[in-house]
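Coordinates in review
One letter stands for each residue in the lines below.
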Amino acid sequence: MKRKVTLKQIARELDVSISTVSKALRNSKEISEDTREKVQAFAKLYNYRPNNIALSLKNRKTKTIGIIIPEIVHHFFSKVIRGIELVANKRGYNVIVGLSNESFSKEVINMEMLANGSIDGFILSISKETLLQQDYHHFTETISQGMPIVMFDRVVNEVLCDKVIVDDLKGSKKAVNTLIEKGCKTIAIITTKDYVSVGKLRTQGYLEALNENDIKALGSLILKVDDKLVSEDHLDVLEKDIETLFESNKDIDGIFAVNELYAITAMKVARKLGLNIPEDVQVIGFTDGVLSKHATPSLTTVSQHAQQMGEQSAELLINNLEIEEDEDYYQTVVIETEIIERESTK
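A quick note: this is a predicted structure, and the numbers were derived from the prediction, not measured.

The topology assignment puts Arg 202 in helix α9 (residues 197–212). Within the structure, Arg 202 has its side chain in polar contact with the backbone oxygen of Val 258 (distance 2.7 Å). When neighbours within four sequence positions are excluded, Arg 202 is seen to be in contact with Asp 153, Asp 168, Ser 172, Ile 189, Phe 256, Val 258, Phe 286 and Gln 304.

Here is the structure:
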């Protein structure tokens, strides 16, 4: 029995793009006759069958929305899900949640499993591994087969679909400008590796805010954290990296962290080193979650309005499902951020 072959494998074997394979299998005139014949012959030889995504849903609706999120214990994602559920239930839809655990393969498997006649469309935030690999074929294939997708928070320009985001660059500039207005002269940033889109934009906002205030950006003040340090198993390594940041820059008086965990950990390390917050160091984090409200001292944050993001995502998807458009039309909804001031700033 021949093993099941995928679009990706056909593309690799024939040295063409996944898009070319997909179009050739649909007899698209955009692809040359010679290439179409080669692709179709290869597909027939290996008994290729399109995956189940969206194939059975053109004429049969499930009134169910699939949600794919990178992690379940994150307050931000739980608030987004709440927003999606509120709108979905009001409009007669149910939701099913799938978890990618920041894994490309789990993201693909979840999409294929949920779309096997179970749902009408997806609302999703892309896993970090997918962003690192820059492999988006499972999204484009899903859309090409008639199933709409709405991306939120972590999105990519390469996939044409509706998106709901916050202005990460503007939000981070607000945070850094707030620290400057409150007297900070030496501001460090704790951020992600650049392939994570939101972290990259927040780092860019930090750099622009410094530049606009005639403050020189120093590489020693930029800590880019390895993703594995986000898990509880590696928090001691994260703390050590932040401790090194403080010890290498004795004059740090402000910290901007691109997520809540980094900010809370930075405050813990600062106190361990004998620094007082906010007297010696002021701290602002991105994402206004439970930890921010209950930390000691409580954390000043950039609020992303996660529930509103979920509500907007659900409205976009359901409108797409219920309103037939003659032309493909995609929109990006930008949610405004807000500084929530607490005890970690003066």
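Segmentation of the protein chain into domains returns domain 1 (7–50), domain 2 (60–165 + 307–334) and domain 3 (168–304). For domain 2 and domain 3, the distance between their C-alpha centres works out to 30 Å. Counting residues at the interface gives nine residues for domain 2, matched by twelve residues for domain 3. With both chains or domains summed, domain 2 and domain 3 bury close to 950 Å², and 63% of this area falls on carbon and sulfur atoms. The tally of links between domain 2 and domain 3 comes to zero salt bridges. Along the contact surface separating domain 2 from domain 3 lie one residue pair in polar contact (both at pLDDT 80 or more). Only α4 (75–90) and α6 (128–133) provide two or more residues apiece to the side of domain 2 that touches domain 3. The element best represented in the side of domain 2 that touches domain 3 is α6, accounting for three residues. Class assignment of the residues belonging to the side of domain 2 that touches domain 3 gives a composition of four nonpolar, two polar and three charged.

What counts and how
- Residues numbered from 1 in each chain as written.
- Predicted model: local features only at pLDDT ≥ 70, side-chain atom pairs only at ≥ 80, totals over all residues.
- Heavy atoms only, no water.
- Helix = DSSP H or I, 4+ residues; strand = E, 2+ residues; numbered from the N terminus.
- Polar contact = N/O pair within 3.5 Å; in protein donor to acceptor, adjacent residues only side chain to side chain.
- Contact = heavy atoms within 4.5 Å.
- Domains from an automatic or database assignment.
- Buried area = accessible area lost by both parts, 1.4 Å probe.
- Salt bridge = Lys/Arg side-chain N within 4 Å of Asp/Glu carboxyl O.
- Nonpolar A, V, L, I, M, F, W, Y, C, P; charged D, E, K, R; others polar.

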